[in-house]
Amino acid sequence: QAKAAGRNTQRFFDPEMQAAASHRSALEADLRRGLQQRELVLHYQPMVDGQGRLQGAEALVRWNHPQRGLMPPAEFTPLAEQTGLILPLGQWVLETACAQLVAWSRSALTRAFSLSVNVSVRQFRQADFVQQLLATLEASGANPERLTIELTESLLLNDVQDIIARMQQLRCHGLGFALDDFGTGYSSLSQLKRLPLDQIKIDRSFVRDLPADAGDGAIVRSILALAQSLGLAVVAEGVETRAQLEFLQHHGCQTFQGYHFGRPMPPEALAHRFQVVPDPLGRPV
Ligand code: C2E
Ligand code: MG
Ligand code: MG
Ligand code: MG
């Protein structure tokens, strides 16, 4: 006890750690304020097929900070995760994405179009997550069949049975599931087989050095083969060059996301780029 207290005291007076702690609590208060002041925005990154046709988009959160400008999620979502702010933040993301989906559904979207939303594992494990998401969908009028939830492998760390049950409940309503950043996490192949997934997303770190890096090439080929034998669609993340695209296509990948096709952008820019024209009758599809 005394030892622990001593260590804490020492910590308290460590100027570097104290500075870090006060920076964190300032950021936390600021994020709480930013959420209330509606400073968060969603950008959308296209997902396309081999011909560059729009298949979907991923909603990616940014913080439009009055002093610091547009902040990427890496600068505030880890803190949001630790403090629990990820729960109201995540709910805002879902509401905003559903509203956007409804707006786009009144235009000439292709049948295949699906909007992907990142849901943190903490958010997904919240007791009433399923009910809350279904209520959000219903209130917005968004078509659940056009929504894909992206989860990361960290979800497999514990209580997988409960996770599977939640996924199945949502699947009954037509939602889809993608496993994000595939290959970077902890999933064993036997666990992967149990998850009711539609899609896996090959992490950008395996795509970056294609086609030159033979090791990454082998990993990507085996992920594609595995997905095919499990009947899962694959999206390759971080496609920046034609050479990467050609390698991926050659090995059977059919959907691509990356700067080669478009950066994350405001919704109007995505609609403009892909000629999502309003349906004159304004019918949601
Ligand atoms: P992610 O879900 O794997 O999203 C893909 C990230 O890769 C995005 O970074 C995107 O901008 C970036 N990216 C896409 N194509 C390329 C490319 O060709 N080259 C390079 N260098 N990067 C590319 P971003 O927007 O900074 O998001 C980072 C992570 O933050 C996301 O990774 C996701 O895990 C998390 N995140 C973003 N939005 C949300 C959200 O609404 N909720 C939660 N819980 N997490 C989010
Ligand atoms: Mg994602
Ligand atoms: Mg990803
Ligand atoms: Mg990633």
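Below you will find a few notes about this structure. (Residues numbered from 1 in each chain as written. Chains lettered and ligands numbered in written order. Predicted model: local features only at pLDDT ≥ 70, side-chain atom pairs only at ≥ 80, totals over all residues. Heavy atoms only, no water.)

Here we look at the packing of helix α4 (residues 86-105) against helix α6 (residues 129-140)
Part 1: Following both chains from N to C, one finds α4 and α6 inclined at 30°, their axes separated by 9 Å at the closest point. With respect to each other, α4 and α6 are oriented roughly parallel. The way α4 lies across α6 gives a crossing that is right-handed. Two secondary-structure elements touch here, α4 through Gln91, Leu94, Glu95, Cys98 and Val102 and α6 through Phe129, Gln132, Leu133, Thr136, Leu137 and Ser140.
Part 2: Across the contact of α4 with α6, the residue classes tally to six nonpolar, four polar and one charged. (Axes fitted to C-alpha atoms, helices over the stretch in contact; angles between N-to-C directions. Helix = DSSP H or I, 4+ residues; strand = E, 2+ residues; numbered from the N terminus. Parallel < 35°, antiparallel > 145°, perpendicular 65-115°, else oblique. Left-handed = near helix turned anticlockwise from the far one by under 90°. Contact = heavy atoms within 4.5 Å. Nonpolar A, V, L, I, M, F, W, Y, C, P; charged D, E, K, R; others polar.)

Re the coordination of the magnesium ion (ligand 3)
Part 1: Looking at the metal site, the magnesium ion (ligand 3) is ligated by Asp180 (OD) and Glu237 (OE), spaced 1.6 to 1.9 Å from it.
Part 2: Here the magnesium ion (ligand 3) and the magnesium ion (ligand 2) are spaced 3.4 Å apart, and both take Asp180 as a donor. Taken together, the residues span a long stretch of sequence, with Asp180 in strand β6 (residues 176-182) and Glu237 in the loop between β8 (233-236) and α11 (242-250) at a distance of 57 residues.
Part 3: Judged by its relative accessible area of 6%, Asp180 is buried. (Donors = N, O, S within 2.8 Å, 3.2 Å for Na, K, Ca; no water. Buried < 20%, exposed > 50% of the residue type's maximum accessible area, 1.4 Å probe, protein only.)

Quick look at the side chain of Glu237
Part 1: Although buried, Glu237 forms no salt bridge, and the nearest oppositely charged side chain, Lys201, lies 4.3 Å from it.
Part 2: Here the side chain of Glu237 touches Arg204 through a polar contact of 3.2 Å, landing on its backbone nitrogen.
Part 3: Ignoring any residue separated from it by four or fewer positions in sequence, one finds Glu237 in contact with Asp180, Asp181, Lys201, Ile202, Asp203, Arg204, Val207 and Gln257. (Lys, Arg positive; Asp, Glu negative; His and termini not counted. Salt bridge = Lys/Arg side-chain N within 4 Å of Asp/Glu carboxyl O. Polar contact = N/O pair within 3.5 Å; in protein donor to acceptor, adjacent residues only side chain to side chain.)

What about the coordination of the magnesium ion (ligand 2)?
Part 1: At the metal site, the magnesium ion (ligand 2) is ligated by Glu58 (OE), Asn118 (OD1), Glu150 (OE) and Asp180 (OD), and these contacts range over 2.0 to 2.2 Å.
Part 2: Along the chain, the residues donating to the magnesium ion (ligand 2) are arranged with the sequence spacing E-x59-N-x31-E-x29-D.
Part 3: The buried category is assigned to Glu58, whose relative accessible area is 5%.

Details of the pairing of β6
Part 1: Along β6, six of the seven residues are buried, which leaves the element largely enclosed by surrounding structure.
Part 2: Direction of pairing for strand β5 (residues 147-152) relative to β6: parallel, over a ladder of five bridges. Each bridged residue has a counterpart across the sheet, and for Glu150 the counterpart in β6 is Ala178.
Part 3: Note that the unit made of β5, helix α7 (residues 160-172) and β6 has a crossover that is right-handed. (Pairing = 2+ DSSP bridges. Right-handed = clockwise from strand over helix to strand, strands pointing away.)

Thoughts on the layout of surface pockets
Part 1: Approximately 1100 Å³ is the volume attributed to the largest pocket.
Part 2: Taken together, the elements giving at least two residues each to the lining of the largest pocket come down to β1 (40-48), β2 (54-65), α3 (77-83), α4, α5 (121-124), β5, β6 and α9 (204-207).
Part 3: A per-element tally of the lining of the largest pocket places β2 first, with five residues.
Part 4: Its residues assigned to classes, the lining of the largest pocket comprises 16 nonpolar, 11 polar and 12 charged.
Part 5: In this structure, the second largest pocket is lined by 18 residues; those nearest its centre are Gln55, Ala112, Ser114, Thr148 and Gln199.
Part 6: For the lining of the second largest pocket, the elements supplying multiple residues, two or more each, are β2, β4 (114-118), β5, β6 and β8.
Part 7: Here the element with the most residues in the lining of the second largest pocket is β8; it accounts for three residues.
Part 8: Split by residue class, the lining of the second largest pocket holds seven nonpolar, nine polar and two charged. (1 Å grid on protein atoms, 1.4 Å probe; cavity = no way out; pocket = protein on both sides within 12 Å on 5 of 7 lines; lining within 4 Å. Points joined across faces, edges and corners; volume = space filled by probe spheres on them.)

Quick notes on the site of ligand 1
Part 1: Taken together, 20 residues form the shell around ligand 1, and within it Arg62, Asp180, Asp181, Glu240 and Tyr259 come nearest.
Part 2: In the environment of ligand 1, a nitrogen atom lies 3.1 Å from a nitrogen or oxygen atom belonging to the backbone of Val61.
Part 3: Asp181 is positioned such that a nitrogen or oxygen atom in its side chain is 3.0 Å from an oxygen atom of ligand 1.
Part 4: Notes on ligand 1: free accessible area 800 Å², of which the protein chains cover 82%.
Part 5: With respect to the pocket detection grid, ligand 1 is positioned in the largest pocket.
Part 6: Going through the elements one at a time, β2 and β6 are the ones with two or more residues in the shell around ligand 1.
Part 7: At four residues, β2 tops the list of elements feeding residues into the shell around ligand 1. (Near = heavy atom within 4 Å. Areas by Shrake-Rupley, 256 points an atom, 1.4 Å probe, with all protein chains shown as cover. Sits in = over half its atoms within 2 Å of the grid points.)

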